[in-house]
Amino acid sequence: MPEAAILELIRARLGLDAASIGADCVLRAIERRMKLTCRADSAEYGAFAAESPGELDALIDELVVPETWFFRDREPFRLLARVAAEKWRTAPRVRVLSAPCSTGEEAYSIAITLAESGLRADRMRVDAADISARALDAARGGLYGPASFRGHALERHARWFEPADKGMRVRPAAADCVRFFKANIADPAFGANEPPYHAIFCRNLLIYLTAEARARVLANMDRLLMPGGLLVCGHAEMGIVRALGHPFAPQPG
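Caption draft 1: Up close: the sheet that holds strand 6 (residues 178–182). Reading across from one edge, 6-2-1-7-8 is the order of the 5 strands in this open sheet, with parallel pairing throughout. In the strand order of this sheet, the two ends are held by strand 6 and strand 8 (225–232), each with one partner. Ignoring which end each strand starts from, the neighbouring axes of this sheet average 20° apart. Pairing between strand 1 (residues 94–98) and strand 2 (residues 124–130): 5 bridges, direction parallel. In the strand pairing of strand 2, Ser-98 is matched with Ala-128. Across the face of the sheet, helix 8 (residues 133–141) comes into contact with strand 2 and strand 6 while running at roughly 165° to strand 6.

Caption draft 2: Summary view of the packing of aromatic side chains. Within this structure, the stated rule accounts for 10 aromatic pairs. Each ring, one from Phe-71 and one from Phe-77, has its centre 5.4 Å from the other, and the planes form 70°; the classification is edge-to-face. The pair Phe-71 / Phe-77 is uniform in exposure class, with both members buried. Seen in terms of ring centroids, Tyr-108 and Phe-180 are 5.4 Å apart; in terms of plane orientation they differ by 70°. Their pairing is edge-to-face. Of this pair, Tyr-108 sits in helix 7 (residues 105–116) while Phe-180 sits in strand 6; the two residues are 72 residues apart in sequence, bridging distant segments of the chain. Among the aromatic residues, those joined into a ring-pair cluster are Phe-70, Tyr-108, Tyr-144, Phe-149, Phe-161 and Phe-180. If you follow Arg-39 out to its NZ or CZ, it ends over the ring of Phe-48, 3.8 Å from the centre. A cation sits over an aromatic face here: Arg-72 above Trp-69, 4.6 Å from the ring centre.

Caption draft 3: Representation of unusual backbone geometry in the model. Cis geometry is adopted by the peptide bond preceding Pro-100, which originates at Ala-99 and carries an omega value of -5°. In this fold, Pro-100 is placed in the loop between strand 1 and helix 7. One non-glycine residue with positive phi stands out, namely Ser-102, at about 55°. Among the structural elements, Ser-102 can be located in the loop between strand 1 and helix 7. Residue Ser-102 is classed as buried on the basis of its relative accessible area of 16%. The phi dihedral of Asn-204 falls on the positive side, at around 60°, and the residue is not glycine. For Asn-204, the position within the fold is in the loop between strand 7 (197–201) and helix 11 (211–224). Judged by its relative accessible area of 32%, Asn-204 is partly exposed.

Caption draft 4: How the structure looks around helix 4 (residues 42–51). For helix 4, every residue scored as buried is listed here: Ser-42, Tyr-45, Gly-46 and Ala-49. For helix 4, the arc enclosing every buried residue in end-on projection is 100°, short of the 170-degree limit, so these residues lie on one face. Measuring from the side-chain oxygen of the N-cap residue of helix 4 to the backbone nitrogen of Ala-43 gives 3.2 Å; that N-cap residue is Asp-41.

Rules used in this analysis
Residues numbered from 1 in each chain as written. Predicted model: local features only at pLDDT ≥ 70, side-chain atom pairs only at ≥ 80, totals over all residues. Heavy atoms only, no water. Pairing = 2+ DSSP bridges. Helix = DSSP H or I, 4+ residues; strand = E, 2+ residues; numbered from the N terminus. Axes fitted to C-alpha atoms, helices over the stretch in contact; angles between N-to-C directions. Contact = heavy atoms within 4.5 Å. Phe/Tyr/Trp six-rings, centres within 6.5 Å; stacked < 30°, edge-to-face > 60°. Buried < 20%, exposed > 50% of the residue type's maximum accessible area, 1.4 Å probe, protein only. Lys NZ or Arg CZ within 6 Å of the ring centre and 35° of its normal. Arc of directions from axis to C-beta. Polar contact = N/O pair within 3.5 Å; in protein donor to acceptor, adjacent residues only side chain to side chain.

So far we have only geometry, and geometry alone does not tell us how the molecule works.
In structure tokens form, the structure reads like this:
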């Protein structure tokens, strides 16, 4: 069927396993883009998407539905704060990667956590990567509504936000520490010229990828994480990491 070629394009370019989010959801996204681009059928749309990076980006935005908030699952940030205070206080510069970073709440949460742990802004940087141009635009804007603040996150960290139209905006003291860029961590060339990171946050991505893409992501993280660095994955993903035989060890509680 013609849709199969588009699913293969998504698999090859993104490493996305359509079955992990539901093939029907992917097909509905394709249908929406077909209508918006006035393509007569899926074969015509598939050829168009394969030749148009901009259209592939638009399809990605249809597929990637951000669901995140500040300090999501508090424990990773408590752990980050403890390790930063105990091990990184004298580091010339602490570097942390958030990938995929979605609409930016995680990356800003990391920057705030490091600052509250005693690190100066000029001694830390958070790199934040995602494949969705729309998500990155939202992240760079730094403007968030109530859904981004759950579990009293705003009250606990109010000094890092300022009121703005339709929400709260991240203050420059935190925002200036974060660099957002478009990239796919499943790309073998991801971060090829980057020095190692003290910590990598890669949560709830592996569960959506093909086996080949998972292996590429883990190889990249193995290469980019400095010895003794901190890797934060989703709760359901540690089994995947262990199954692929990578030398990451659980962090003591």
